[in-house]
Amino acid sequence: MARVYNFSPGPSALPLPVLEKVQKELVEYGTTGMSVMEMSHRSAMYLDIIHDTEARLRALMHIPENYAVLFLHGGATAQFASIPLNLMVKGAADYIDSGNFAHGAAGEAAKFGKVNIVASSRDDQYTYIPDWKGKLNADADYLHITTNNTIYGTHYIELPEGPAPLVADMSSNILGEVYDVNKFGVIYAGAQKNIGPAGLCVLIVRKDLLGNARPETPKIYNWATQADNESMLNTPNTFAIYVAGQCMAWLQEQGGVEAIAEVNKQKAALLYDFLDNSKLFKGTAQKEYRSVMNVTFVTGDKDKDAAFVKFAASKGLLNVKGHRVVGGMRASIYNAMPIEGVKALVAAMKEFEAQD
Ligand SMILES: Cc1ncc(COP(=O)(O)O)c(C=O)c1O
């Protein structure tokens, strides 16, 4: 078996021990005589799995009892529309435009009510988190942010605090950085980076925000209905929820979010320190806002960028090509990327630079 170091932004590398455990349990889970994929979602054996996954997430993020945890379909993108459907009661919301996904979320919300883009870094290619201070609207139904901008490699170093509930797309840094859930009204995240396989979205919502959905809300997107049905209004992505639970168990063995967040900082520092001293490569995000999860960089020459992506791949360092809208390179170094993978990437960058 030759596993590569996979720097993909999502779906992303999963911890090898998790894949091996899943492989072992694939045909028969425990003594049930069947695969998790073959279980009724309403069976006692499956309910144990989903309850265990929720308990692990609650433990890892210290989620208080006054928050509901939902396992939903449609990725983070389905929530771009679900958020206004569930929360736009007065009819206007604040959005901070810090990247393409933040922009997309605002675009969906604008179909349902008034969207105030209170701050944007779009005109500067999203290289930083724009300043929202003093710009938040007192009567907004909620304020939406994207805590980590996957494409541009930036993250918030301070959370906005305002009168409206804070709604956060945490797709690319949930479980990779420490957050106080109490500061948020809603946290949601597509699973395919730090949580588990694609096809699942985790949503954490303060219970007092439930029950105000607009009448036209399809019931599949109504969080209150989903909470009442324990995420089983229809058949959930049973297998992805099971694998997510295994990834969470693995994370608990690593010491939890607090411990892995420190490792993640070390991994990112290795790359950023190299970039800051390199003659060939340079980071594209403004230093203050540099992401711990997605490290974006360029050589300044498109052909050299392409040559480096090829060179890295020849060394088993895959998917370092930047997003199609920005080009260059991006190393996504989520929880499952070991520090050895980052060291191997830095070594390859050094070697490539020396040949330049
Ligand atoms: C920050 C962020 N938000 C939203 C999305 C879209 O997620 P999904 O494909 O699960 O809908 C992504 C995907 O990479 C993302 O990185």
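Notes on the structure follow. These numbers come from a predicted model, not from an experiment.

Before going further, it helps to spend a moment on the overall build of the chain. In terms of regular secondary structure, the chain is built from nine helices and 14 strands. Its C-alpha atoms give the chain a radius of gyration of 21 Å, near enough to 21 Å, the size a compact globule of 356 residues would have. A total of 356 residues make up the chain; the buried ones form 54% of that total. Counted over contacts in the chain with a minimum sequence separation of 6, partners at least 24 positions apart contribute 66%. Accessible surface for the chain amounts to roughly 15200 Å². Of this, 52% is attributable to carbon and sulfur atoms. Charged side chains in the chain number 33 positive and 38 negative. The centres of these two groups are separated by 4 Å.

With that settled, the discussion passes to the layout of surface pockets. Of the pockets and cavities examined, the largest pocket occupies roughly 350 Å³. Lining the largest pocket are 20 residues; nearest its centre among them are Leu14, Leu16, Ala336, Met337 and Pro338. Breaking the lining of the largest pocket down by element, the ones donating at least two residues are β1 (5–6) and α7 (256–277). Tallying contributions element by element places α7 first for the lining of the largest pocket, with four residues. Classifying every residue of the lining of the largest pocket gives 14 nonpolar, four polar and two charged.

Attention now moves to a nonpolar patch on the surface. The grouping of Leu26, Val27 and Met37 at the surface amounts to a nonpolar patch, some 300 Å² of accessible area in total. Note that Val27 resides in the loop between α1 (16–25) and α2 (44–61). On the basis of relative accessibility, which here comes to 67%, the residue Val27 falls in the exposed class.

Moving on: the side chain of Glu25. You can see Glu25 is positioned in helix α1. With relative accessibility at 15%, the residue Glu25 sits in the buried group. Here the side chain of Glu25 touches Tyr242 through a polar contact of 2.6 Å, side chain to side chain. Setting aside residues no more than four positions away along its own chain, Glu25 makes contact with Tyr242 and Gln246.

It is worth spelling out empty space enclosed by the protein at this point. Applying the stated criterion across every chain yields a total of four cavities of 30 Å³ or more. Roughly 90 Å³ of volume is contained in the largest cavity. Along its surface, the largest cavity is lined by 15 residues, and Pro15, Asn194, Cys247, Trp250 and Asn335 are the ones closest to its centre. Looking at the lining of the largest cavity residue by residue, the class counts come to 11 nonpolar, three polar and one charged. By volume, the second largest cavity is sized at about 70 Å³. Those elements that provide at least two residues to the lining of the second largest cavity are α2 and α7. For the lining of the second largest cavity, a count of residues per class yields seven nonpolar, one polar and two charged.

With that settled, the discussion passes to the nonpolar core. In this structure, Leu57, Met61, Leu175, Ile195 and Ile204 are the most contacted members of the largest nonpolar core, which totals 53 residues. For this core, the leading source of residues is helix α6 (residues 238–253), giving nine residues. Setting aside its immediate chain neighbours within four residues, Ile195 contacts Ile174, Leu175, Ala189, Gly190, Val202, Ala244, Cys247 and Met248. Listed in part, the 29 residues of the second largest apolar core include Phe308, Ala312, Leu345 and Met349.

This brings us to the site of the ligand. Gly75, Ala76, Thr77, Phe80, Phe101, Thr146, Asn148, Thr150, Asp169, Ser171, Gln192 and Lys193 make up every residue found near the ligand. At 2.5 Å, a side-chain N or O of Thr150 approaches an oxygen atom of the ligand. Within the side chain of Lys193, a nitrogen or oxygen atom sits 2.7 Å from an oxygen atom of the ligand. Considering each element in turn, the shell around the ligand owes the most residues, four residues, to helix α3 (residues 75–87). Among the residues forming the shell around the ligand, the class breakdown is three nonpolar, seven polar and two charged.

So, on to the packing of aromatic side chains. What the rule picks out here adds up to 15 aromatic pairs. Judged by centre distance (6.4 Å) and plane angle (80°), the ring pair of Phe80 and Tyr188 falls under edge-to-face. One end of the pair, Phe80, is in helix α3; the other, Tyr188, is in strand β9 (residues 186–190), and 108 residues separate them in sequence. Using a relative accessible area of 6% as the deciding quantity, one classes Phe80 as buried. The class of Tyr188 is buried, set by a relative accessible area of 0%. Residues Phe239 and Tyr242 carry aromatic rings whose centres are separated by 5.4 Å and whose planes lie at 50° to one another, so their mutual orientation is tilted. Separated by three residues within a single helix, Phe239 and Tyr242 lie in helix α6, roughly one turn from each other. By relative accessible area, which is 21% here, Phe239 ends up partly exposed.

With their axes 9 Å apart at the nearest point, α7 and helix α9 (residues 339–355) run at an angle of 10° to one another. The orientation of α7 relative to α9 falls into the category roughly parallel. Listed contacts from α9 to Gln266, Lys267, Leu270, Leu271, Phe274 and Leu275 of α7 are Ile339, Val342, Lys343, Leu345, Val346, Met349, Lys350 and Glu353. Across the contact of α7 with α9, the residue classes break down as nine nonpolar, one polar and four charged.

Parameters at a glance
Residues numbered from 1 in each chain as written. Predicted model: local features only at pLDDT ≥ 70, side-chain atom pairs only at ≥ 80, totals over all residues. Heavy atoms only, no water. Helix = DSSP H or I, 4+ residues; strand = E, 2+ residues; numbered from the N terminus. Rg over C-alpha atoms; globule rule 2.2 N^0.38 Å. Buried < 20%, exposed > 50% of the residue type's maximum accessible area, 1.4 Å probe, protein only. Contact = heavy atoms within 4.5 Å. Areas by Shrake-Rupley, 256 points an atom, 1.4 Å probe, with all protein chains shown as cover. Lys, Arg positive; Asp, Glu negative; His and termini not counted. Charge placed at Lys NZ, Arg CZ, Asp CG, Glu CD. 1 Å grid on protein atoms, 1.4 Å probe; cavity = no way out; pocket = protein on both sides within 12 Å on 5 of 7 lines; lining within 4 Å. Points joined across faces, edges and corners; volume = space filled by probe spheres on them. Nonpolar A, V, L, I, M, F, W, Y, C, P; charged D, E, K, R; others polar. Patch = residues over 30% accessible without salt bridge, like charges linked within 9 Å, V, L, I, M, F, W, Y side chains within 5 Å. Salt bridge = Lys/Arg side-chain N within 4 Å of Asp/Glu carboxyl O. Polar contact = N/O pair within 3.5 Å; in protein donor to acceptor, adjacent residues only side chain to side chain. Core = buried A, V, L, I, M, F, W, Y, C linked by side-chain atoms within 4.5 Å. Near = heavy atom within 4 Å. Phe/Tyr/Trp six-rings, centres within 6.5 Å; stacked < 30°, edge-to-face > 60°. Axes fitted to C-alpha atoms, helices over the stretch in contact; angles between N-to-C directions. Parallel < 35°, antiparallel > 145°, perpendicular 65-115°, else oblique.

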